[in-house]
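Single-letter residue listing:
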Amino acid sequence: MLLKDKVALITGAASGIGKEIAMEYAKQGAKIVIADMALEAATATAKEIEQAGGTAMAVAMNVTDEAQVDKGVADAVAAYGSVDILISNAGIQIISPIVDLSLDNWKKLIAIHLDGAFLTTRACMRAMIASGKGGSVIYMGSVHSHEASPLKAPYVAAKHGLVGLAKVVAKEGAKNNIRANVICPGFVRTPLVDKQIPEQAKELGITEEEVIKNVMLKETVDGEFTTVQDVAQTAIFLAAFGSNALTGQSITVSHGWHMQ
Ligand code: NAD
């Protein structure tokens, strides 16, 4: 068990990548806090973990809401004693050319990805310093932390921003034994991606099959989607890593779409 008795707070863990990380972390002995604005689904995920023999709780958290983030982290500390791992993962996608993008949609996406990352980082860093144990902060970046695609301006800007935030957390956190890294997945079949396939097909005037083959997987070495399992295994490796040797980095898991 690589994460025995570690407490991991995972945002957006009611679905997709975050949910898989939660399930896999629980198998590695971590106590899991499912922090999601979809409380019903978060509660169901926590129950699933408990039924499989793990330990988990759900907290209602819109990551853009300062009070909800602070309360969710405080509830986690009250229940399990500390927060040792933060996975800042909650996210959305908005498909639009810049010339048609509303300021509201720009702000909405930036708030979830960047305000959310800041607020959860601040609350968890405070808890990690208070516990005296330090911890590991992991951001869910994307190949779009390093590459750009058309129709995704706020997403690409936000995902690039997370790399900068992780570097600052690495520098500020080191004295308290807090590490920060970014995981950069390629396309993973989750509700977030399933929703954008027809949207991209419409914007680009091509079929959904062409979006998958010629847009999403075109630059991979083997035409394969990355899986939630691939990302979860990377998240285990990063959280279990034992020293500050690995901090301020981003690790790309994308079937070779992006090579650093
Ligand atoms: P998903 O839609 O399956 O899950 C996202 C979760 O985030 C949902 O449970 C949702 O309720 C939650 N959420 C959304 N807004 C929230 C908010 N304001 N506060 C709290 N929770 C909120 O998506 P996913 O594909 O699992 O994506 C998870 C992360 O991985 C995102 O940051 C996404 O950008 C990133 N990512 C996804 C892919 C991919 O191909 N799926 C690739 C690279 C990076």
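Refer to the preceding data block for the structure.
The rules behind the values
- Residues numbered from 1 in each chain as written.
- Predicted model: local features only at pLDDT ≥ 70, side-chain atom pairs only at ≥ 80, totals over all residues.
- Heavy atoms only, no water.
- Salt bridge = Lys/Arg side-chain N within 4 Å of Asp/Glu carboxyl O.
- Buried < 20%, exposed > 50% of the residue type's maximum accessible area, 1.4 Å probe, protein only.
- Helix = DSSP H or I, 4+ residues; strand = E, 2+ residues; numbered from the N terminus.
- Axes fitted to C-alpha atoms, helices over the stretch in contact; angles between N-to-C directions.
- Parallel < 35°, antiparallel > 145°, perpendicular 65-115°, else oblique.
- Contact = heavy atoms within 4.5 Å.
- Nonpolar A, V, L, I, M, F, W, Y, C, P; charged D, E, K, R; others polar.
- Left-handed = near helix turned anticlockwise from the far one by under 90°.
- Near = heavy atom within 4 Å.
- Polar contact = N/O pair within 3.5 Å; in protein donor to acceptor, adjacent residues only side chain to side chain.
- Areas by Shrake-Rupley, 256 points an atom, 1.4 Å probe, with all protein chains shown as cover.
- Pairing = 2+ DSSP bridges.
- Right-handed = clockwise from strand over helix to strand, strands pointing away.

A. Just the pattern of salt bridges, in detail. Under the defined criterion, the tally for this structure stands at eight salt bridges. For aspartate 5, the salt bridge identified is with lysine 4, shortest N-O distance 3.9 Å. Relative accessible area serves as the criterion here: at 54%, lysine 4 is assigned to the exposed category. With a shortest N-O distance of 3.1 Å, lysine 19 and glutamate 48 are connected by a salt bridge. Of this pair, lysine 19 sits in helix 1 (residues 16-27) while glutamate 48 is found in helix 2 (residues 39-51), placing the two residues 29 residues apart along the sequence. Since its relative accessible area comes to 24%, lysine 19 is described here as partly exposed. The partly exposed category is assigned to glutamate 48, whose relative accessible area is 35%.

B. The packing of helix 6 (residues 191-204) against helix 7 (residues 208-216), seen in detail. Orientation of helix 6 relative to helix 7, taken along the N-to-C sense of each, is 95 degrees, at an axis distance of 9 Å. Comparing their axes, helix 7 and helix 6 come out roughly perpendicular. Together, Val193, Gln196, Ile197, Pro198, Gln200, Ala201 and Leu204 of helix 6 and Glu208, Val211, Ile212, Val215 and Met216 of helix 7 make up the contact between the two elements. Partitioning the contact of helix 6 with helix 7 into residue classes produces nine nonpolar, two polar and one charged.

C. Main features of the environment of alanine 44. Note on placement: alanine 44 falls in helix 2. On the basis of relative accessible area, alanine 44 is assigned to the partly exposed category, the value being 43%. Put simply, alanine 44 and valine 215 are 171 residues apart on the chain and 34 Å apart in space, counted from C-alpha to C-alpha.

D. Quick peek at the packing of helix 1 against helix 2. One way to put it is that helix 1 packs onto helix 2 with a least axis distance of 10 Å and a crossing angle of 25 degrees. It follows from the interaxial angle that helix 1 and helix 2 lie roughly parallel. The handedness of the crossing between helix 1 and helix 2 comes out as right-handed. Of the residues in helix 2, those in contact with Lys19, Ala22, Met23 and Ala26 of helix 1 are Thr45, Glu48 and Ile49.

E. Main features of the side chain of serine 145. Within the secondary structure, serine 145 is located in the loop between strand 5 (135-140) and helix 5 (153-173). For serine 145, a relative accessible area of 4% puts it in the buried group.

F. A look at the site of the ligand. By nearness alone, 29 residues border the ligand, and Ser15, Asp36, Tyr155, Val188 and Thr190 come closest of all. The contact in question runs from a nitrogen atom of the ligand to an N or O atom on the backbone of methionine 61, over 3.4 Å. Threonine 190 is positioned with one of its side-chain polar atoms (N or O) 2.4 Å from an oxygen atom of the ligand. Its free accessible area being 830 Å², the ligand has 92% of it covered by the protein chains. Looking at the shell around the ligand, the elements with two or more residues in it are helix 1, helix 4 (103-131), helix 5 and helix 6. No other element matches helix 6, which puts three residues into the shell around the ligand. A per-class count over the shell around the ligand returns 16 nonpolar, eleven polar and two charged.

G. How the structure looks around the pairing of strand 3 (residues 55-60). Of the pairings in the sheet, the one linking strand 2 (residues 31-36) to strand 3 comprises six bridges and is parallel in character. For valine 33, the partnering residue across the bridge sits in strand 3 and is methionine 57. Regarding the hand of the β-α-β motif, the stretch spanning strand 2, helix 2 and strand 3 is right-handed.

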